Amino acid sequence: MRLILIRHAKSSWDDPRTGDHGRPLANRGRKSASAIGQWLRDHEYCPRAVFCSTARRARLTWEGLSEFMPEVPEIEFCPDLYGASGGMMLSRLATAKEAPVAMIGHNPGIGDFAAMIVRNPPHHYDFRRYPTAATLVCDFPVTGWQDIRPATATVVDFVVPRELMT
């Protein structure tokens, strides 16, 4: 069972009247979302289902990524992914019915979740920090999402946008 774990792309702080949940993407975030979408497509890491936070920056990240998907996956916008802990993300993932699944969320929860699920973390300087639009691709040795457990996923790939936009 393959999981694609994506932190939302860089958001804008330009309008101080906009609440946290409603912040849009910054220009850099839009470019990062596109770069990650191209990378996912080019590596054939395209999801069949997506769980996405309802925060505007997460939805816009998905919008930027989705332009590069060869097929339109089933998408569920999940209020519980906004501010979710790693444990909450694990519970949400256990409800998936398709594979691969992409999950788009926020730090610190998404970085904690990534560290919690992998057996051996990637040797990447940014994995623990899990910066905006960081993307982990990992496989679980199970046949159903309800059977996933912490520290069992094998890392397939990990990338941050700045590596793709050089």
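Here, the structure is the one placed above.
Computed from a predicted model, the values in this text were never measured in an experiment.

Caption draft 1: Here's a closer look at the pattern of salt bridges. With the rule as written, the count across this model stands at 7 salt bridges. Residues Arg2 and Asp139 are paired through a salt bridge, measuring 2.7 Å at the closest nitrogen-oxygen approach. With Arg2 in strand S1 (residues 2-7) and Asp139 in strand S5 (residues 135-139), this pair connects stretches of sequence that are 137 residues apart. Look at Arg2 and you get partly exposed, because its relative accessible area is 22%.

Caption draft 2: Summary view of helix H3 (residues 86-93). All of the buried residues along H3 are Gly86, Met89, Leu90, Arg92 and Leu93. Buried residues along H3 cover an arc of 160° about the axis, so they all sit on one side. Looking at the packing, one finds that the buried side of H3 touches S1, strand S2 (49-53), strand S3 (74-78), strand S4 (101-105) and helix H4 (109-117).

Conventions used here
- Residues numbered from 1 in each chain as written.
- Predicted model: local features only at pLDDT ≥ 70, side-chain atom pairs only at ≥ 80, totals over all residues.
- Heavy atoms only, no water.
- Salt bridge = Lys/Arg side-chain N within 4 Å of Asp/Glu carboxyl O.
- Helix = DSSP H or I, 4+ residues; strand = E, 2+ residues; numbered from the N terminus.
- Buried < 20%, exposed > 50% of the residue type's maximum accessible area, 1.4 Å probe, protein only.
- Arc of directions from axis to C-beta.
- Contact = heavy atoms within 4.5 Å.

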